[in-house]
2 protein chains.
Amino acid sequence: MRMTKRSTVIDVAKAVGVSPSTVSRYFRGITVAEGVRARIAEASARLQYQPDETARALRGGRTRTLGAIIPQVTNSFYAQAVQLIEDEAHKRGYAVILLTHQENAEQQAAQLSTLRRYRADGLILAPAAGSTAEGIRNVVHGMPVVAIDRFLSPAMDSVVLRNHDAARTATEHLLQHGYKRIACLLSRREIMSFEQRWNGYKEALESRRKAPILIEAPNHDELRYHLCSALLSRKGPDALLCFSNRATRTALQAYDELALPKTSRLPLLGFDDFEMAAMVDPAVSVVRQPVENIVRHAISILFERIAGNDSLEMQNVALPGEMIYRHSCGCK
Amino acid sequence: MRMTKRSTVIDVAKAVGVSPSTVSRYFRGITVAEGVRARIAEASARLQYQPDETARALRGGRTRTLGAIIPQVTNSFYAQAVQLIEDEAHKRGYAVILLTHQENAEQQAAQLSTLRRYRADGLILAPAAGSTAEGIRNVVHGMPVVAIDRFLSPAMDSVVLRNHDAARTATEHLLQHGYKRIACLLSRREIMSFEQRWNGYKEALESRRKAPILIEAPNHDELRYHLCSALLSRKGPDALLCFSNRATRTALQAYDELALPKTSRLPLLGFDDFEMAAMVDPAVSVVRQPVENIVRHAISILFERIAGNDSLEMQNVALPGEMIYRHSCGCK
DNA sequence: CTGAAAGCGCTTACAG
DNA sequence: CTGAAAGCGCTTACAG
């Protein structure tokens, strides 16, 4: 058992022969006399002193901590986002508390509450279906929050994909291939990004006087079941637009499950690129989200808010997606 | 601007007409008179009071915070692990601070130091190549840490795959398919799990008097380059054992890059299952790690240590993998 | 550039 | 079961 207590500012101050305030100044990067500086550095190293963040947080009011709440980390889009958030936070001397809501508004409320207790300085949030800006604000109070991936309200900063346009472009691409009955595959239309994509898709169809086809189910198995039924029906869809990498996987699995020969698999275009997209046969075409820019933007807005920049007006950023046409959409 | 300060124990205490100690007891689940309990609950709700974790941490010595340090979250194995860690932590009222070391020992040292400053109560760590138990202990001092995925030393708790056996079994499976020149694909042998797999592989080969073939490079592009060379050489390998899902992807990409026809792609067996494994053609055979059990075990050991259970001896757990034979290994 | 004093919001013994 | 007092380790004004 290691019984040596960790050292404090006072220990360092005594060792150097200055006051604790001076040691504190040194660690906050405030000017300290040249000679003193070196001695504090030496003593701190020797005593293995590091400022205690819990004490700093209590006294200083800032925790140097960021919250990140996402649906789940096992979705590669969010995994990427989390990695980028962690990188950006690290650069700025911040640590990130990671929480997931599993698409459950109640769990999200609990996580928000946790973040409030821990007094995170700010929050990056991919809000759960059914949550509102007001409900969120209500839990975290004055904490700056910027939404990513899913727009919530003009009254809350957000950085998302230009969902409507991306879906419209994707749908038009499929239409140009000559498909007549393009179906959308998605989990829940309440999720704002899906709602926006749905509207973009409908708009593209309507200009050609075609009717939308919706295949929707909250979980993987149900969705696959519905899709299989659709695939086996007489006048089923002849192309698929998958609204997430989850949905794309569902489609591919359905093909597998029905043991469809390669030739009778429906052409398909998905949202979110994924590592194995080019390795699947045929290689999956996708609209790729600019996840690096989404996160960078979100983080920079967040730190403006944390810095208390009140002159910055509400930001509602929508970034264009990148169409990656491989072969699954019908391209050669 | 919300200028209403958040309320404190004192506010609640005053509202109820008891001392702050009593309010504190209520929130720590210590017996409080029946009637008082209800009034504290009511006042806390009304004042939106929640204990400030930074103050609790400073006074109580516990932060209710867990550190998780992994190589990166964009590897699906670690993404799963992180999700599970977050779930388990949540159940126990803990928040997790997520940090990544990007396979860089210096960055790991920095992250460990961060965790010390934030005074995490414990740490789950997938240690970077080249780090030692002693070096780690040296930074985090008395903080309990359990290693996952990569064994470090008998002197540090660890929960890993039974790497040697899994690699041996995998290699034997490939040998039974009749392959003569099985090559290993991996990033760095310094990574303990790879070292152990390498030994298991060698052992299987040696019993058949075959020579091992190593294709090793620290990054994706270099590895792919080496693999392509090997694939194009006269007496190149006739089967591949990929030591990580990264390596598996490298192999599939090399096949793609060389535009190898399906028939002349080398049979392959990978470590780590991944979402699209069954969707690739041919479906990828893998040894799946019991990631749920690895994390559950690690967390339960960690909380024993946090609880100060000194009678618990060092745990070095190795869990068996699960062979999933799809088609890429040569199985029909 | 530096120091002495106060206090952030809790929890911890100590009494009763 | 409850309260008064002290203190966790810092940083923040306030003086000088």
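In this text, all values refer to a predicted model and were calculated from it rather than measured experimentally. (Residues numbered from 1 in each chain as written. Chains lettered and ligands numbered in written order. Predicted model: local features only at pLDDT ≥ 70, side-chain atom pairs only at ≥ 80, totals over all residues. Heavy atoms only, no water.)

With 58 residues of chain A in contact, the opposing surface of chain B contributes 58 residues. In this assembly, chain A packs against chain B so that about 5,400 Å² is buried in total across both faces, 54% of it on carbon and sulfur atoms. The interface formed by chain A and chain B holds eight salt bridges in total. Across the pair Glu53 of chain B and Arg117 of chain A runs a salt bridge, and its minimum N-O distance is 2.8 Å. If you look at where chain A meets chain B, you find 32 residue pairs in polar contact (both at pLDDT 80 or more). Counting residues per element, the side of chain A that touches chain B draws most heavily on helix H5 (residues 76-91) of chain A, at seven residues. (Contact = heavy atoms within 4.5 Å. Buried area = accessible area lost by both parts, 1.4 Å probe. Salt bridge = Lys/Arg side-chain N within 4 Å of Asp/Glu carboxyl O. Polar contact = N/O pair within 3.5 Å; in protein donor to acceptor, adjacent residues only side chain to side chain. Helix = DSSP H or I, 4+ residues; strand = E, 2+ residues; numbered from the N terminus.)

The next point concerns the relation of the copies chain A and chain B. When chain A is fitted to chain B, the best match, at an RMSD of 0.0 Å, comes from turning it 180° and sliding it 0.0 Å along the axis. Overall, the copies show the geometry of a two-fold rotation axis. Comparing contact sets, 100% of the residues at the interface of chain A also lie at the interface in chain B, consistent with an isologous, same-surface contact. (Least-squares fit on C-alpha atoms with pLDDT ≥ 70 in both.)

What follows covers the sheet that holds strand S9 (residues 268-271) of chain A. Residues and elements named next belong to chain A. Spatial ordering of the open sheet is given by S7-S6-S8-S9-S10-S12, a layout of six strands whose pairing is mixed. Edge positions in the sheet fall to strand S7 (213-216) and strand S12 (322-324), since each of these pairs with one other strand and no more. With strand direction ignored, the average angle separating the axes of adjacent strands in the sheet is 20°. Two strands pair when backbone bridges link them, and S9 and strand S10 (residues 285-288) are joined in this way by three bridges, in the parallel orientation. Within the sheet, the bridge partner assigned to Leu269 lies in S10 and is Ser285. Those strands touched by helix H8 (residues 163-176) are strand S6 (182-186), strand S8 (239-242), S9, S10 and S12, and its axis lies near 165° from that of S8. (Pairing = 2+ DSSP bridges. Axes fitted to C-alpha atoms, helices over the stretch in contact; angles between N-to-C directions.)

This part is about the packing of helix H6 (residues 105-117) of chain A against helix H7 (residues 133-140) of chain A. Residue and element names in this part refer to chain A. The geometry of H6 relative to H7 is characterised by a closest axis approach of 8 Å and an angle of 35° between their N-to-C directions. Crossing of H6 against H7: the hand is right-handed. Contacts between H6 and H7 involve Gln108, Ala109, Leu112, Ser113 and Arg116 from the first element and Ile136, Val139 and Val140 from the second. For the contact of H6 with H7, the residue count by class is five nonpolar, two polar and one charged. (Left-handed = near helix turned anticlockwise from the far one by under 90°. Nonpolar A, V, L, I, M, F, W, Y, C, P; charged D, E, K, R; others polar.)

Residues and elements named next belong to chain B. Burial analysis of strand S6 (residues 182-186) places five of its five residues in the buried class, the great majority of the element. The sheet contact formed by S6 and strand S8 (residues 239-242) spans four bridges and is parallel. What sits directly across from Cys184, in S8, is Leu241. In terms of handedness, the path from S6 via helix H9 (residues 192-206) over to strand S7 (residues 213-216) forms a crossover that is right-handed. (Buried < 20%, exposed > 50% of the residue type's maximum accessible area, 1.4 Å probe, protein only. Right-handed = clockwise from strand over helix to strand, strands pointing away.)

As a further point, take the packing of aromatic side chains. Residue and element names in this part refer to chain A. For the coordinates displayed, the defined rule picks out 14 aromatic pairs over all chains. Between Tyr94 and Phe303, the ring centres sit 4.9 Å apart and the planes meet at 90°, which makes this aromatic pair edge-to-face. On the criterion of sequence distance, the pair formed by Tyr94 in the loop between H5 and strand S2 (95-100) and Phe303 in helix H12 (residues 291-306) is long-range, its members being 209 residues apart. Assigned by exposure class, Tyr94 and Phe303 land together as buried. (Phe/Tyr/Trp six-rings, centres within 6.5 Å; stacked < 30°, edge-to-face > 60°.)

With that settled, consider H9 of chain B. Residue and element names in this part refer to chain B. Here H9 contains 15 residues, and its C-alpha end-to-end distance of 21 Å stays within 8% of the 21 Å for a straight helix at 1.5 Å per residue. Along H9, the residues classified as buried are Ser193, Phe194, Arg197, Trp198, Gly200, Tyr201, Ala204 and Leu205. In a view along the axis of H9, the buried residues occupy a sector of 165°, so they form one face of it. Considering only its buried residues, H9 is in contact with strand S5 (158-161), helix H8 (163-176), S6, S7, S8 and strand S9 (268-271). (Expected span 1.5 Å × (residues − 1). Arc of directions from axis to C-beta.)

Take the protein's contact with DNA strand C next. Of all residues adjacent to DNA strand C, which total 26 residues, the nearest are Thr22, Arg25 and Arg59 of chain A together with Val9 and Ser24 of chain B. Backbone atoms, meaning sugar and phosphate, make up 56% of the atoms of DNA strand C lying within 4 Å of the protein. Contact between DNA strand C and Tyr49 of chain B: a sugar or linking oxygen at 3.1 Å from a side-chain N or O atom of the residue. Listed by contribution, the elements that provide at least two residues to the surface near DNA strand C are helix H2 (20-27) and helix H4 (53-60) of chain A together with helix H2 (20-27) and helix H4 (53-60) of chain B. Considered class by class, the residues forming the surface near DNA strand C number nine nonpolar, nine polar and eight charged. (Near = heavy atom within 4 Å.)

Another aspect to go through is unusual backbone geometry. Looking along the chain, the bond that leaves Asp281 of chain A and enters Pro282 of chain A is cis, with omega of -5°. Among the secondary structure elements, Pro282 of chain A is positioned in the loop between S9 and S10. The residue Gln48 of chain A is not glycine, and still its phi comes out positive at about 55°. Of note, Gln48 of chain A is situated in the loop between helix H3 (34-47) and H4. For Gln48 of chain A, a relative accessible area of 39% gives the class partly exposed. In this structure, Arg119 of chain B is a non-glycine residue whose phi angle is positive, near 60°.

Now for the packing of helix H5 (residues 76-91) of chain B against helix H12 (residues 291-306) of chain B. All names here are of chain B. Direction vectors running N to C along H5 and H12 enclose 45°, while the axes themselves pass 9 Å from each other. Judged by the inter-axis angle, H5 sits oblique to H12. Considering how the two elements wind past one another, H5 and H12 form a crossing that is right-handed. Seen from H5, the contacting residues are Phe77, Gln80, Ala81, Leu84, Ile85 and Glu88; seen from H12, they are Val291, Glu292, Val295, Arg296 and Ile299. Across the contact of H5 with H12, the residue classes break down as seven nonpolar, one polar and three charged. (Parallel < 35°, antiparallel > 145°, perpendicular 65-115°, else oblique.)

As a matter of local geometry, DNA strand D sits amid 25 residues, with Val9, Ser24 and Arg56 of chain A together with Thr22 and Arg59 of chain B nearest to it. Backbone sugar and phosphate groups make up 56% of those atoms of DNA strand D lying within 4 Å of the protein. Between DNA strand D and the protein, one listed contact pairs a phosphate oxygen with a backbone N or O atom of Ser19 of chain B at 2.9 Å. The separation between a phosphate oxygen of DNA strand D and a polar side-chain atom of Thr22 of chain B is 2.6 Å. Where the surface near DNA strand D is concerned, the elements lending two or more residues are H2 and H4 of chain A together with H2 and H4 of chain B. Partitioned by chemical class, the residues of the surface near DNA strand D number eight nonpolar, nine polar and eight charged.

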